[in-house]
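One letter stands for each residue in the lines below.
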Amino acid sequence: MLSYDKKRLGIYVHVPFCASKCAYCDFNSFVPDDGEIVTRYVDALCTQMKDYHDSGKNYVADTVYIGGGTPTSVDPRELKRIITAVRRNFDVSKKAEFTVEVNPGTASYSTFRMLKRAGVTRISMGLQSADNRELHLLSRCHTRQDFVESFRAARQAGFDNISVDLMFGIPAQTPDSLMKSLNFVMRMEP
C-alpha cells in the first residue's frame, strides 16, 4: 500500500540513444557517435534528478518508466547509473512498477540480471512484428529469433512482467500476418 500522506508521482526518463534509427520513428532518438556523448548525457540526467530532489520530497513515485530510444542500447553501467539516480533522488515506492524499455538483441542475460537486481519490475519489449519481412520494412535491427532469445533471457533473469509492443498498419502487413504476430506473442505468455 502506498503512503497517501504524499502525492503520487510518475517518473519518465528519456534515453535518446538507439543501435540504429528506424525509418518510421519520430521520437527524439539517434545513434551516438561514441560513448562520450552517452556518458555526458547520463551525467546531465543525474545532475537534473539531483536538482529536483528537494522539490520531490512531497511525492512518492508509484511508476518509473525509462524509455527512449532504446535504454538498453547504452552501456549497462550507464543504465545502472540512471536507475541509481532515480532511486537516490526520489522516494520510489517499494511497490512501484519500474519499467525499462528494451529492443530485442540489445540486452543480454547479464543486463537483464543487473536490471532485476537494481529493482526493475517490468520489461517493455519492442517486437513490433513477428514477421521478419515486416521488421525489415520497418528497418528494425532485430529478427523474430532475436526477440525470442531476448524474451527468454529476461525470463531467465527473473522477470515475470514483460510487455510486448506490436504495430498495426505496417506497410504490406495483412490481417493474416497481424494475427500470426498476435498468436506468436500470446504463445510467449507476456
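Our subject is the structure that appears above.
Quick caveat: nothing in here was measured; it's all calculated off a predicted structure. (Residues numbered from 1 in each chain as written. Predicted model: local features only at pLDDT ≥ 70, side-chain atom pairs only at ≥ 80, totals over all residues. Heavy atoms only, no water.)

(A) Local environment of the nonpolar core. Judged by nonpolar contacts, the single largest core of 46 residues is most densely connected at Ile66, Phe112, Leu115, Ile123, Phe147 and Phe159. Not counting chain neighbours up to four residues away, the residues in contact with Phe159 comprise Phe112, Leu115, Lys116, Val120, Thr121, Arg122, Ile123 and Ala154. (Core = buried A, V, L, I, M, F, W, Y, C linked by side-chain atoms within 4.5 Å. Buried < 20%, exposed > 50% of the residue type's maximum accessible area, 1.4 Å probe, protein only. Contact = heavy atoms within 4.5 Å.)

(B) Inspection of the sheet that holds strand β1 (residues 7–15) at higher detail. Spatial ordering of the open sheet is given by β1-β2-β3-β4-β5, a layout of five strands whose pairing is parallel. The open sheet is flanked by β1 and β5 (162–166), the only strands paired with a single partner. Averaged over all pairs of adjacent strands, the angle between their axes in this sheet comes to 20 degrees, without regard to strand direction. By the bridge criterion, five bridges tie strand β4 (residues 122–128) to β5 in an arrangement that is parallel. In the strand pairing of β5, Ile123 is matched with Ile162. (Pairing = 2+ DSSP bridges. Helix = DSSP H or I, 4+ residues; strand = E, 2+ residues; numbered from the N terminus. Axes fitted to C-alpha atoms, helices over the stretch in contact; angles between N-to-C directions.)

(C) Spatial organisation of helix α6 (residues 175–188). The end-to-end C-alpha distance of α6, which contains 14 residues, comes to 20 Å, matching closely the 20 Å that a straight helix rising 1.5 Å per residue would cover. Among all positions in α6, only Ser177, Leu178, Ser181, Phe184, Val185 and Met188 are buried. Projected onto a plane normal to the axis of α6, the buried residues spread over an arc of 125 degrees and lie on a single side. Exposed residues lying more than 90 degrees from the buried face of α6 are Pro175, Lys180, Met186 and Arg187. Elements in contact with the buried residues of α6: β4, α4 (132–137), α5 (144–156) and β5. (Expected span 1.5 Å × (residues − 1). Arc of directions from axis to C-beta.)

(D) How the structure looks around the environment of Glu78. Here Glu78 shows up in helix α2 (residues 76–89). Among the residues examined, Glu78 registers a relative accessible area of 11% and is labelled buried. Once the C-alpha coordinates of Glu78 and Arg122 are considered, the two residues, 44 residues apart in sequence, prove to be 19 Å apart. Aside from chain neighbours lying at most four places away, what touches Glu78 is Val38, Thr39 and Val42. Within polar-contact distance, the side chain of Glu78 engages the side chain of Arg81 at 2.6 Å. (Polar contact = N/O pair within 3.5 Å; in protein donor to acceptor, adjacent residues only side chain to side chain.)

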